[in-house]
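Descriptive structure summary
Here is what each chain is made of, one letter per residue.
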Amino acid sequence: MEPPPESPQDTPSMADTAAEFLSLIGLKELEWCLFAETLAVVAVGAPPRDKAEGQWWMAAQWAPYQREGEPVQSCILVQTRFRGKQDGAPASSTLKAYVTWQLETLEQEEQECLELRPHPTEKTTRIVSHEHGMTVTKTLQEGEAEPQCQSFSYSRAKLRARLLEGASLLLLRVLARRQTMPPDLVFPAINTEGDLCTASYSALGIQRQAVGSAETEVFVIERAVHASTGAPAVWHGSFLPNGRLAQLMQIGSPVLMLLQDESILSKSGRFKPQLPFPKEPLYWEEDMELYSCFLDRKDELQLSHAAYLQQHPEVRALLSDFLQALLLQQPHDTISFAAEFFAHQRPIGRPFGSTGAASPLPNSPVGHPPANSK
């Protein structure tokens, strides 16, 4: 299949300017951008703003990468994960990209899931670089229907200085740490649909923004992705001086990603490091497969428990004796009473109710008369 037409703004001179800008990004500068961060997903303008509806997470780190038949090379692994709701339905997305320190993408995969019951939708876009250029493979799975696949390629001549999503996220961190950028910074790019486009970056200046109940200065960057048709997709990112996000939002979206944990701010205003792989909330009741496993396991345990009680009728007699003694004496300290009661038990198989022996009720401790005594 032929690739979509490129953006009319995508010119050779733009690629030259973009390539020159990328060549000035040093390795040490990129290494300062290798960290993980987590933001809460909240509704735009919905009080209270601090109620999270999901989570957005991003991490960048060195990782090995190997193409078939080629030696292993070290590159930067960029990962993002989003979990929230779209039009009331659970939605999630992931990104995994292998990027060289020159911000060239070797491989990238994006996956978007919308859990509409009974027909969930899953869309995957995989982009792989090779010696002849780059191949885009798109897969759409709707419910139980056969997946729809689409594949096309771009020549290497069209890929010079072209940024994909993972590389763009790294570039934003570099720009945020610099807190300055050229007034007209535009790169040839490829959007989330795998189409050729352009991406522009603009500084909106230093602003003050809340982080929980605290307030700090942030550097705001606007990123706009311009496709050949339709309105551009625009994001505003508010960055701390160390490149970490305080807020990320897409213009027109009903939700935004917000840093809420002010405890990671130290007295000096610097952010403490976070764990590279934070605990992700598990929405198992909304996952059909996990919920089905839960029901199966619940039934299995109920049958196992019922079978055990049938095989050991003394358990019911034991519990009956204990409750009878507890209700007769009504002690204030039920835990101590239970410990003493079970410490005086007869051997298994001789429940008190069936032996006729004197019931070994523990005497009330000194100073702890039965609750019903006068």
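Computed from a prediction, not measured in an experiment: that's the story for all the values here.

A separate point is the nonpolar core. Ranked by size, the top nonpolar core spans 49 residues in total, and within it Trp56, Val78, Leu103, Leu171, Phe187 and Tyr201 carry the most contacts. With eight residues, the single largest contributor to this core is helix α3 (residues 165–178). If we skip the residues at most four places from it in the chain, Tyr201 touches Leu163, Ser168, Leu171, Leu172, Leu175, Met181, Leu185, Phe187, Glu222 and Arg223.

Turning next to the packing of aromatic side chains. By the definition in use, this model includes nine aromatic pairs. For the pair Phe322 and Phe337, a centre-to-centre distance of 6.3 Å together with 40 degrees between the ring planes defines the contact as tilted. Taken together, the positions of Phe322 in helix α5 (residues 314–329) and Phe337 in helix α6 (residues 334–343) put the pair 15 residues apart, joining distant regions of the chain. Exposure class is identical for Phe322 and Phe337. Each is buried. Ring plane angle 25 degrees and centroid distance 6.4 Å describe the contact between Phe337 and Phe341, whose orientation is recorded as stacked.

Any residue range with low pLDDT should be treated as having predicted coordinates unsuitable for detailed reading. Summary statistics for the protein chain give a mean pLDDT of 83 and a share of 82% for residues scoring 70 or more. Low pLDDT (under 50) marks residues 364–369, which in the prediction has four contacts with non-local residues, meaning those over four places away or in another chain.

It is worth spelling out empty space enclosed by the protein at this point. Tallied over the entire structure, the rule returns two cavities of 30 Å³ or more. Each pocket or cavity is described by its volume, and for the largest cavity that value is around 50 Å³. What lines the largest cavity is Leu172, Ile221, Arg223, Trp235, His236, Gly237, Phe239 and Leu248. Secondary-structure elements contributing two or more residues to the lining of the largest cavity are β11 (214–226) and β12 (233–239). At four residues, β12 tops the list of elements feeding residues into the lining of the largest cavity. Split into classes, the residues belonging to the lining of the largest cavity amount to five nonpolar, two polar and one charged.

Criteria and cut-off values
Residues numbered from 1 in each chain as written. Predicted model: local features only at pLDDT ≥ 70, side-chain atom pairs only at ≥ 80, totals over all residues. Heavy atoms only, no water. Core = buried A, V, L, I, M, F, W, Y, C linked by side-chain atoms within 4.5 Å. Buried < 20%, exposed > 50% of the residue type's maximum accessible area, 1.4 Å probe, protein only. Helix = DSSP H or I, 4+ residues; strand = E, 2+ residues; numbered from the N terminus. Contact = heavy atoms within 4.5 Å. Phe/Tyr/Trp six-rings, centres within 6.5 Å; stacked < 30°, edge-to-face > 60°. pLDDT = per-residue confidence, 0-100. 1 Å grid on protein atoms, 1.4 Å probe; cavity = no way out; pocket = protein on both sides within 12 Å on 5 of 7 lines; lining within 4 Å. Points joined across faces, edges and corners; volume = space filled by probe spheres on them. Nonpolar A, V, L, I, M, F, W, Y, C, P; charged D, E, K, R; others polar.

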